[in-house]
Amino acid sequence: MAEPRVVGIDLGTTNTLVAFANDAGALSVLPIAQLVAPGVGEERALFPSCLYAPAPGEDLGDPFGDAPYVAGELARLRGAEVPGRLVASAKSWLCHPAVDRTAPILPWGAGEDADLPRISPIDASARYLAHVRRVYNALFPDEPLEFCDVTLTVPASFDEVARELTLDAATRAGLTVRLLEEPTAAFYDYLLREGSPAVHAIADAHGGEAFVLVVDVGGGTTDLSLLKVTRTAIERIAVGQHLLLGGDNMDLALAAVCEARLGKLDPARFGQLVAQCRAAKERLLGPEPPEEVEIALLSKGSKLVGGTLRTKLGREETARVVLDGFFPLTSRDARPERTRSALVAFGLPYEKDVAITRHVAHFFARHAPADAHPHALLVNGGVFRGKKVIERLAAAIEGWGGPSLRVLPQPDPDLGVVRGAVAYGLSLRGALERIGGGSARGFYVGVDGGAVCVVPRGAKEGALHRAASRTFALTVGRPVRFDLYASDDARADAPGDVVPIDEERMLRLPPIAVALGAGEKAREVQVVLEGQLTAVGTLDLACVELYGAPPRRHRLAFQLRSGGSEAPTSRATRPPQSIAPPSRSFESAAAAIARAFGKTGGEREAKDVLRELERALGERATWTTEVTRGLFDALSQHRSARRRTADHERVFWMLAGYCARPGFGDPRDPERVAALVALWSDRLAFPAEARGWAQYWIAWRRVAGGLDDETQARMRETVDPYLAPTEAGLKKNKKWKPEAIGELLEMASSLERAGSTSRAALGEWTLERTWVDDDARLWAALGRVGARVPSYASLHHVVAPLTVEKWLEQMLRTAKWTMPMAEAAARMTRKTNDRARDVGDRVRREVEKKLVAANAPAEWLRVVREHVEVEETERAVWLGDGLPVGLRLVT
């Protein structure tokens, strides 16, 4: 039986390409059918990684099954003409941890158009792959792509979560793939084109050993790899750290130059400008470039000449921006600059220092021997279609000294990665020399203030590694947390080695929180840690019990949902099983809860329970996450007793909210929050008690981070009639008669996932109330609603900046600002460098003047003037409570 066909897919930020090997082993690039004009299909090697959502009544034709979008070349062209309906750079969003990459957040900054379909980064990636699969299967119906031997390339710097998300996208498209790092793929292409003798001749020319730098600058990332070539082997010895820096940044820089001449543009029109600058850059840096290229921006929804903005990009101007800005001549000891702000972009956290040559110098210095020099350079990526760019990069490296640098031939920088993916597939079958080196990173698990190596640097795919020299006590039946680290340091740590945590050489990965042995009584078992790099290119870690027949293996899986906390996935009708920490003090605390909420507990016991808990456990501020969650579980067993007396109800909600806050952080928190959500419709048994209502609203505010979008929207529908002005005409539920409206407003303003339109309405109502009431709570609520940076939700939930600008305009009419008012304005004007979230510069300047006049704290002024990363202490304050000891918010 014939082996499956070898296929390579380059799922690029800018373009997606496919190549395959025929029965004779020869490579071909798949012509991908796509729309290139309305109703006009054409086969092209490059399939732009773009989706365009046609406007109502706009019929572009859809013969390829991409509805409600068009994909590929026509999507790219229409997206450059029509602001706000283009999905691009989905690959860059896959590695952005501050957004929920599984949520429909693209097109980013597109506003509130109801007719605009939205999509998640992972589903956009899946759509490109699904299009490729349909086209491929139409050409080869007897060998469908889902049965081929497929290699999909990813940036070498992609972390484990981004790799898992990429695999998930492939699975959604119906494909089974293995992953390969893009720079390695580029070198496989060179190896295939030139042959092994030519590669090893590089080493012969330098005494038997040579270092080859691979610099792959794509649309969204810069990927660096270092290979060592000897007379007998090729070994990849290092890969660079993740750099969200590439052709997109150059396009943004050129767009900024043009915008300075055109005037400030809104996000949608700026996106149109970026797309045109990209096309102009390719012409002006390509062969036989013109002197200049005209840039013309149509007004939204208009094709009239009178609504067009025009400027020009010159050849010399473009070369200066790209070459001097991104490829300056640098010394060997150059290091990336740590600046506070990056290029203004579309929500993506681009690298702050855009000088690629500085990153290359730092990378080589970290991984090469002190006296070594690069002997050869292989470039890849569309940026290097311009000969001047290659020449400048080579000149910068040669400026470090050492032997003359050999630039390896790359006839088509766009095709190197996809051809190399096929070459790698052939190498697995013995048809081509393999590149050795194994994993470019070692992987570690945090333990006792240090980190234990589990998978060493250089590990081979499929090889199982066990830290057998170390035995660990693993708690089952109760949640545990694993802090994970990766290191590309050249130091050789073996499995089982415990090393200090060094932030300079170790990258902190997303932690894993998991409840192992669910349903079991909490106990400790003896385990060893083991891990491997799987054949598909992902990391597999596990705790393996030492005893038992057979010994159990507890896999540690990455959580792929991001950009906020985990939300409940079920509507639990019974509380989760207790995970009470086994200690006498906790047993005393649990007994106090049982006395107060058990069958015989009266009002006195309910009133005294908090005092008894602090007597047993210490002050509330010292309670750890494990303690608070254990108390919640003990309390949940008696949830029906909350309706016994007004004091029981008040104390129940006070303790439940405090112990479950902030609604996430523990693997069983979704169950706990779902158990609370099931009580929402019960309302209060003692609705005339204002203190009970206050604790009720405080509890929901405290756990808001664990409530999903649907739950938050449902809660807002219930409470909005009590917060809206009468003229809004919202109908009140006769069964609800809430008290403590101030606490209710705080709770509602904390529901960051309720939808930006709903939150904008709440902001309007709140601002209207400030006209007659200067209550600090109103300003605090407005600041939360209009904040440019959410406290726990994904970035796509923020209220539109134009809406917030209107609020600020009204506030600016007030002659003298109070501190609460100033703080709210600072949150709403905070600079993010994302024009889809930032308010306009004029409003920002006016707010700054008001803050100065109000003697606002320097930190408030600073976040308005410049982009400042959010500190964890700020987030804790925003959530409204000190977080449980031991719970760390990870962004």
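Given the structure is predicted, the values throughout are model-derived calculations rather than measurements.

Here we take up the confidence of the model for the protein chain. Predicted confidence across the protein chain gives a mean pLDDT of 87, with 92% of residues reaching 70 or more. pLDDT under 50 marks residues 339–345. Its contacts with residues more than four places away, or in other chains, come to 26 contacts.

Helix-helix packing is characterised by the crossing angle of the two axes and by the distance between the axes. As a packed pair, helix H20 (residues 741–749) and helix H21 (residues 756–770) sit with axes 11 Å apart at the nearest point and diverge in direction by 145 degrees. Crossing geometry of H20 relative to H21 is assigned as left-handed. Seen from H20, the contacting residues are Ile741, Leu745, Ala748 and Ser749; seen from H21, they are Arg759, Leu762, Thr766 and Arg769. Residues belonging to the contact of H20 with H21 are distributed by class as follows: 4 nonpolar, 2 polar and 2 charged.

Hydrogen bonds between backbone groups are what pair the strands of a sheet, and the pairing can be parallel or antiparallel. With respect to topology, 3 strands assemble into an open sheet ordered S8-S7-S9, the strand pairing being antiparallel. Each having just a single partner strand, strand S8 (70–71) and strand S9 (86–87) make up the two edges of the open sheet.

So, on to the pattern of salt bridges. In total, this model carries 62 salt bridges according to the counting rule given. When the shortest N-O distance is used, the salt bridge between Arg231 and Asp204 registers 2.8 Å. Taken together, the residues Arg231 in the loop between strand S13 (222–230) and strand S14 (234–239) and Asp204 in helix H6 (residues 196–204) connect sequence positions 27 residues apart. In this structure, Arg611 engages Asp608 in a salt bridge whose closest nitrogen and oxygen atoms are separated by 2.9 Å. One end of the pair, Arg611, and the other, Asp608, are both in helix H14 (residues 603–617), 3 residues apart, so they sit about a helical turn from each other. Each member of the salt-bridge network shares a partner with another, and the members are Arg466, Glu530, Asp540, Arg553 and Arg555.

What follows covers the packing of H20 against helix H22 (residues 776–786). Running from amino to carboxyl end, H20 crosses H22 at an angle of 10 degrees, the nearest separation of the two axes being 9 Å. Overall, the two elements H20 and H22 adopt an arrangement that is roughly parallel. Judged by residue contacts, Gly742, Glu743, Leu745, Glu746 and Ser749 of H20 engage Arg777, Leu778, Ala781, Arg784 and Val785 from H22. Looking at the contact of H20 with H22, its residues break down into 4 nonpolar, 2 polar and 4 charged.

Applying the stated criterion to the full structure yields 24 aromatic pairs. Summarising the aromatic geometry, the rings of Phe364 and Trp400 are spaced 5.8 Å apart at their centres and angled 40 degrees between planes, so their arrangement reads as tilted. Here Phe364 is found in helix H10 (residues 356–367), whereas its partner Trp400 is found in the loop between helix H11 (387–398) and strand S18 (406–407), with 36 residues between them in sequence. According to the relative accessible area criterion, Phe364 is buried, its value standing at 0%. Between the aromatic rings of Trp680 and Tyr696, the centroid separation amounts to 5.9 Å while the plane-to-plane angle is 15 degrees, which identifies the pairing as stacked.

We now examine the environment of Ala634. Tracing the sequence through the fold places Ala634 in helix H15 (residues 625–636). Considering only alpha carbons, one finds Ala634 and Ala590, 44 residues apart in sequence, at a separation of 6.2 Å.

A sheet is described by the order of its strands in space; here 5 strands give the open sequence S14-S13-S12-S17-S18, paired in mixed fashion. Whereas interior strands pair on both sides, the edge strands pair on one side only; in this sheet they are S14 and S18. Relative to strand S12 (residues 209–217), helix H5 (residues 182–194) is tilted by about 120 degrees, and along the sheet it contacts S12, S13, S14, strand S17 (376–380) and S18.

Rules and cut-offs
Residues numbered from 1 in each chain as written. Predicted model: local features only at pLDDT ≥ 70, side-chain atom pairs only at ≥ 80, totals over all residues. Heavy atoms only, no water. pLDDT = per-residue confidence, 0-100. Contact = heavy atoms within 4.5 Å. Axes fitted to C-alpha atoms, helices over the stretch in contact; angles between N-to-C directions. Helix = DSSP H or I, 4+ residues; strand = E, 2+ residues; numbered from the N terminus. Left-handed = near helix turned anticlockwise from the far one by under 90°. Nonpolar A, V, L, I, M, F, W, Y, C, P; charged D, E, K, R; others polar. Pairing = 2+ DSSP bridges. Salt bridge = Lys/Arg side-chain N within 4 Å of Asp/Glu carboxyl O. Parallel < 35°, antiparallel > 145°, perpendicular 65-115°, else oblique. Phe/Tyr/Trp six-rings, centres within 6.5 Å; stacked < 30°, edge-to-face > 60°. Buried < 20%, exposed > 50% of the residue type's maximum accessible area, 1.4 Å probe, protein only.

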